[in-house]
Each structure stands twice: as structure tokens, then as C-alpha cells.
Amino acid sequence: MPDSVHAIELTVNGEPHEAVVPGRQLLVHFIRDTLGLRGTHIGCDSGNCGACTVIVDGKAVKSCMQLAVQADGRALETVEGLSGPGEEPNDLQAAFTRHHALQCGYCTPGMLMSATALLEQAEELSLDEIRRGLKGNICRCTGYVNIVRAVEDVAARRGLA
Amino acid sequence: MLLPSLAYERPETVEEAVALLRATRNARVLAGGQTLLNALKLRIVHPDVLVDVSRIPSLREIAHEPDGALRIGAAVTYDELAASPLVRAAHPVTAAMGSRLVDRQVRARGTIGGNVCLADPTSNFPPLLVALGARLRVRGARGARETDADGFFLAPYMTALAPGELLDSVLLPALAADQRVGYETLQVGTDSWALARASALVRCNGTIREARVALGCGPVPVRQRAMERALVGRAPTAAAIAAAAALAGEGFDPPGDVHASAAYRTKMAIVMARRAVRAATEES
Ligand SMILES: Cc1cc2nc3c(=O)[nH]c(=O)nc-3n(C[C@H](O)[C@H](O)[C@H](O)COP(=O)(O)OP(=O)(O)OC[C@H]3O[C@@H](n4cnc5c(N)ncnc54)[C@H](O)[C@@H]3O)c2cc1C
Ligand code: FES
Ligand code: FES
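### Structural notes on the environment of Ala89 of chain B
Relative to the assigned elements, Ala89 of chain B resides in helix α4 (residues 85-90). Along the backbone, Ala89 of chain B and Leu40 of chain B are 49 residues apart, and their C-alpha atoms lie at a distance of 38 Å.

Written out as C-alpha cells, the structure reads:
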């Protein structure tokens, strides 16, 4: 069976985009190779680690676990959308720096996107909800404590704690 | 990883989806993709065509049927199930399950229909649906049919769906005022996969009138008839429930592996069955 190809339209970090994608292309490959946005990482390529997490229509999803064509008509947000080149890091990025919430940084884009969606969807965020909310993201360096502190800090500053 | 060559289709109605499944011998339904995409990456399945049902409006509905049953479209995602006021009101345990599966990312994509059709022995929903007496509405070239959840799961990863059929919706019978549901899991970690599961639907008004108990994490979810019979007519005391639960394990046949022996899984299933009935009989 030959590959199908599909014309898709979506917004990427707020900008409208049109593209033609093969039916079998994973969203993460579209993001990294077609859009050239290499902030989104591939860790396990099996839905376990969360390094590839992006936001689609407001929800955090693992971009290795869906097809690019399935993002047709959707609003896609990647880590590059948090703050532009030359801009100050946003409040969450700044909190990650302040709390030493990253070491090697491999998990960080996925953590930031998961936490971004978590903070945006919640009206209130307890410590337990933060921990549970980040369960889909594995970090092999930090031991999570500082990541959770960074998110708690932002939750408090945004009046969610 | 690159997926094998395939054609992707996104039908807009169930009729179109069924026609696509019929037109191609080797077509496969794609729902949340939270298992299927891995199976494609690992070359475990080789479909020529993926039929993406995740945006079909009728499969995304949650509504009451004329008989009071709650109809949940197969493509409703876990997080939608958890957030739905209808599900929360009519079937709170089912709604809670939607918020306790895996992680937020998987809950945003994974569907109740995919969970049921995958028929993974460790999956969350199959034992719950068997205990609830859920019916599954199936659509195929010859129209719609309904089948009981108890009987749908034939073997690990094998269901009663015939080639060319798809799951349309899950029908949860309305709970009577004196009916309650319990669900207990021995998990490996929070919101994680499990070694043993048990779910119970109990009708109780001081005395247990009716009980359905199902165990999960064996090859298929299994009703526990001896335990159910032993519960009926008894007051829901800890001792009576424990005595009945001692009869659980019937036909369970769990695997023994590096995580736990079969004997341990069976013992734990009995504990889960006892706790599930207690949860379903406690005054709230
Ligand atoms: C890291 C991780 C951990 C997980 N842990 C758990 C867990 O602890 N418990 C658990 O229950 N699940 C777990 N899962 C599995 C997850 O819940 C799956 O998403 C789910 O079982 C399949 O649902 P899906 O919508 O993603 O289906 P898909 O992956 O799209 O499809 C799964 C199968 O069902 C078929 N199918 C789907 N919908 C239909 C339909 N309407 N009609 C006919 N056939 C259909 C497909 O053809 C395919 O064969 C985990 C997944 C991941 C990635
Ligand atoms: S790379 Fe997608 S979850 Fe690990
Ligand atoms: S900082 Fe290294 S994996 Fe998280």
C-alpha cells in the first residue's frame, strides 16, 4: 500500500501553517524535521517518557504517540512558543532556573509543556496534583523535587496554590 | 521511528468508517493511538489502511438512552469521561477511572473504546464493564448489534468483534438507588498498570440483594459466581464479605512472571474483590 499524503492546516505557536504530510508521519517528526523546531525531544519513542510532550488544543500530549495528520485543524504549542529568541524566559522557565529544576536538560522541554498545560487547566493546584500531573514525564537527573518546587512556585505566583 | 507504509483515512461518519473497513481487507481502526502507534512502530501489526475514528461526532457523544442507560461513544477520551457531568452523576466510579489512568498526556488521547477493543489483560476498563453489566454497541456492514461486556473478551487481545466491525459505544445500565460500585486495584505505582483488579456492583438495603464481581489481570475479566452467590442474603459485614471473597479466584488463571507469581496474583485478587465489595456496600 503506498503512503497517503495529506494537506493539513494548523497553527504552530500561534502562527498559521500549511503543510503536506505523509499519513504515516509522527507528529514529533513533523515538529522536529519539517518545522525544524528541535526543542521537542525524542526519548523513548514509546509513550513512556514524556520528552516529546507538546500542547495540542490546550492539552499536553506525547507527540511520538500521534500522527502529524491528526494535528490538522489544531493549535500546536511547542517549547519554542514559551519565549521567543532574545526574549526573557517566561515565569515557568525562570522558576525552573531559580529552583535548579534541570540538570542535563533532556526532559526539560517536555516538563515545561506538561507543566504549562497543567497550570493553565487548573483553578487550584495542590502538591499532590502537581506530582500526579507530571507523572507522564520522566527525569533521570533531578529526582523531581526541584521540578515540583518550581511548578509550585509558579502556581503560588499565579494564585493557584 | 518511521511507521510502515500505510494509507490514513479520516471518515466523518460511522457508516463511512464501516465502508472503509469493508473495502480493505487489511484495515485497522485508529482511536487514541496510545497503543496502536507503538504496535505499528514495533511492526506487530501491518495494516494497509488506518481508519481514524477519533473525530467522528457520534462516537464522541455521551448521552442517556431511552431506557436510562448512559451511552458513551467509543472515541470519548479518558479525560473527557472524567470531566463529563453526565458520567460523574450517573457513574462516578467510571468517571474517577478516567482521571486515574496512566498520565495526563495519555488521558488526553486514549479512548474508552480503544481500551475495550485492545483487550489487554491488565487494562482498567474491562473488569469494570463486566461488573457493571455494560453492553457494547457494535457496528458492521450488516448494521448494529449489541453484546454484553461479559462475553466480549475472548482471550488476551482478542474480542468478539468480527473483521470489518467497530465498537460504536459502551452502554452503562442506570444504577438503582440501592446499587453501588466498587473498584480496587493492586497497582505497581500511582495510576499505573496492575497485578490484580476487582470490580463489584452490589445491590444492598441492609441485606445484599444482588452482587456482580469481576476480577481483572487474568487472561480475560471473569465473573466470580461462587462469591456472588455467597454474598446474596447476607448483611454486608466485614466477616460475611471476607468469607464470600475466600471463594474468589474461580477461572482467574493469571500469569506468573518476573513481577509476581500466579499464586500471589490470585491472593491479591481475592483481597481486591473483598475491598471492592466493601467499597460498594459502605454507607456514603
Ligand atoms: C505509557 C502507557 C501506559 C499505559 N498504561 C495503561 C494502564 O495502566 N491501563 C490501561 O488500561 N491502559 C494503559 N495504557 C494503554 C492506553 O490506555 C491505551 O490508550 C488504550 O488501551 C487503547 O486506547 P486507544 O484509544 O489509545 O486505542 P488505539 O491505540 O488507537 O487502538 C487500540 C486497539 O483497539 C482498536 N480499536 C480502537 N478503537 C476501536 C473501535 N472503536 N472499534 C474497533 N476497534 C478499535 C485498534 O484497532 C487497536 O487494535 C497505557 C498506554 C501507555 C502509552
Ligand atoms: S519520546 Fe514520546 S513519550 Fe518518550
Ligand atoms: S534534567 Fe536530565 S533528564 Fe531531567
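### A look at the sheet that holds strand β2 (residues 27-30) of chain B
Strands belonging to one sheet form pairs held by backbone hydrogen bonds; the direction of such a pair is parallel or antiparallel. Residue and element names in this part refer to chain B. Taken in spatial order, the three strands make up an open sheet running β1-β3-β2, and their pairing is parallel. Each edge of the open sheet is held by one strand with a lone partner, namely β1 (7-9) and β2. Ignoring which end each strand starts from, the neighbouring axes of this sheet average 25° apart. Of the strand pairs in this sheet, β1 and strand β3 (residues 49-52) are connected by three bridges, and their pairing is parallel.

### Some words on helix α10 (residues 238-245) of chain B
Residue and element names in this part refer to chain B. Buried within α10 are the following residues: Ala240, Ile241, Ala244 and Ala245. Looking down the long axis of α10, one finds its buried residues gathered within 130° of arc, a one-sided arrangement. Packed against the buried residues of α10 are α9 (225-231) and α11 (262-281).

### A word on the site of ligand 1
Lining the immediate environment of ligand 1, one finds 31 residues, of which Val29, Leu36, Tyr78, Thr111 and Asn124 of chain B sit closest. With respect to ligand 1, the chains having nearby residues are chains A and B. Measuring from an oxygen atom of ligand 1, one finds a side-chain N or O atom of Tyr78 of chain B at 2.6 Å. Within the side chain of Asn124 of chain B, an N or O atom sits 2.7 Å from a nitrogen atom of ligand 1.

### Observations regarding the domain arrangement of chain A
All names here are of chain A. Here chain A is described as being made up of domain 1 (5-81) and domain 2 (91-157). The centre of domain 1, based on its C-alpha atoms, is set 21 Å off from the matching centre of domain 2. If you look at the interface, domain 1 gives 18 residues, while domain 2 gives 13 residues. Each partner contributes to the roughly 1200 Å² buried at the junction of domain 1 and domain 2, and carbon and sulfur atoms together form 59% of this total. Contact with domain 2 buries surface across domain 1, with His41, Ile55 and Val79 losing the most and accounting together for 36% of the total. Elements with a contribution of two residues or more to the side of domain 1 that touches domain 2: β3 (53-56) and β4 (59-62). In terms of residue class, the side of domain 1 that touches domain 2 is made up of seven nonpolar, eight polar and three charged.

### Details of the pairing of strand β2 (residues 15-22) of chain A
Bridge count for strand β1 (residues 5-12) of chain A against β2 of chain A is eight bridges, and the pairing is antiparallel. Residue pairing for β2 of chain A: Leu10 of chain A is matched across the bridge by His17 of chain A.

### Some thoughts on the pairing of β3 of chain B
Within a regular strand, side chains alternate between the sheet's two faces. Residues and elements named next belong to chain B. Here β3 shows a buried face lined by Val49 and Val51 and a second buried face lined by Leu50 and Asp52. Across four bridges, the pairing between β2 and β3 is parallel. Looking across to β3, one finds that Leu30 is bridged to Asp52. Handedness of the crossover joining β2 and β3 through helix α2 (residues 36-41): right-handed.

### Some thoughts on the domain arrangement of chain B
All names here are of chain B. Here chain B is partitioned into domain 1 (7-52), domain 2 (57-172) and domain 3 (179-281). Distance between the C-alpha centres of domain 1 and domain 2: 18 Å. Facing the twelve residues of domain 1 at the interface are 15 residues of domain 2. Interface area, domain 1 with domain 2, both sides summed: about 1000 Å², of which 70% is carbon and sulfur. Here Glu15 ties to Arg139 by a salt bridge, and the two come within 2.7 Å at their closest N and O atoms. Taken together, the links from domain 1 to domain 2 amount to one residue pair in polar contact (both at pLDDT 80 or more). Ranked by residue count, the leading element in the side of domain 1 that touches domain 2 is helix α1 (residues 14-23), at six residues.

### So, the interface of chain B and chain A
Counting from both sides, the interface comprises 38 residues of chain B and, opposite them, 35 residues of chain A. Between chain B and chain A, a total of about 2900 Å² is buried, with carbon and sulfur atoms accounting for 47% of that surface. Considering only the surface of chain B that becomes buried against chain A, Tyr8, Arg104 and Gln105 of chain B emerge as the three largest contributors, covering 24% of it. Where chain B meets chain A, there are five salt bridges. Scanning the region where chain B abuts chain A turns up 25 residue pairs in polar contact (both at pLDDT 80 or more). The set of elements that each furnish at least two residues to the side of chain B that touches chain A consists of β1, α2, β3, α3 (78-83) and α6 (104-109) of chain B. Here the element with the most residues in the side of chain B that touches chain A is α6 of chain B; it accounts for five residues.

### Focus: the side chain of Asp168 of chain B
For Asp168 of chain B, the location among the structural elements is in strand β10 (residues 166-172). If near-sequence neighbours (up to four positions away) are discounted, Asp168 of chain B is found in contact with Val14, Leu59, Gly73, Ala74, Arg137, Val138 and Arg139 of chain B.

### A look at the sheet that holds strand β12 (residues 194-204) of chain B
All names here are of chain B. With respect to topology, four strands assemble into an open sheet ordered β11-β12-β13-β14, the strand pairing being antiparallel. At either end of the open sheet lies a strand with only one pairing partner, and these are β11 (179-187) and β14 (222-223). Note that β11 and β12 share nine bridges and pair antiparallel. Bridge pairing in β12 places Gln179 opposite Arg203. Against the sheet, helix α8 (residues 125-132) makes contact with β11, β12, β13 (208-216) and β14, and its axis sits at roughly 160° relative to β13, the strand it touches most. Across the sheet, α11 is in contact with β11, β12 and β13; its angle to β12 comes to roughly 30°.

Conventions and cut-offs
- Residues numbered from 1 in each chain as written.
- Chains lettered and ligands numbered in written order.
- Predicted model: local features only at pLDDT ≥ 70, side-chain atom pairs only at ≥ 80, totals over all residues.
- Heavy atoms only, no water.
- Helix = DSSP H or I, 4+ residues; strand = E, 2+ residues; numbered from the N terminus.
- Pairing = 2+ DSSP bridges.
- Axes fitted to C-alpha atoms, helices over the stretch in contact; angles between N-to-C directions.
- Buried < 20%, exposed > 50% of the residue type's maximum accessible area, 1.4 Å probe, protein only.
- Arc of directions from axis to C-beta.
- Contact = heavy atoms within 4.5 Å.
- Near = heavy atom within 4 Å.
- Polar contact = N/O pair within 3.5 Å; in protein donor to acceptor, adjacent residues only side chain to side chain.
- Domains from an automatic or database assignment.
- Buried area = accessible area lost by both parts, 1.4 Å probe.
- Nonpolar A, V, L, I, M, F, W, Y, C, P; charged D, E, K, R; others polar.
- Right-handed = clockwise from strand over helix to strand, strands pointing away.
- Salt bridge = Lys/Arg side-chain N within 4 Å of Asp/Glu carboxyl O.

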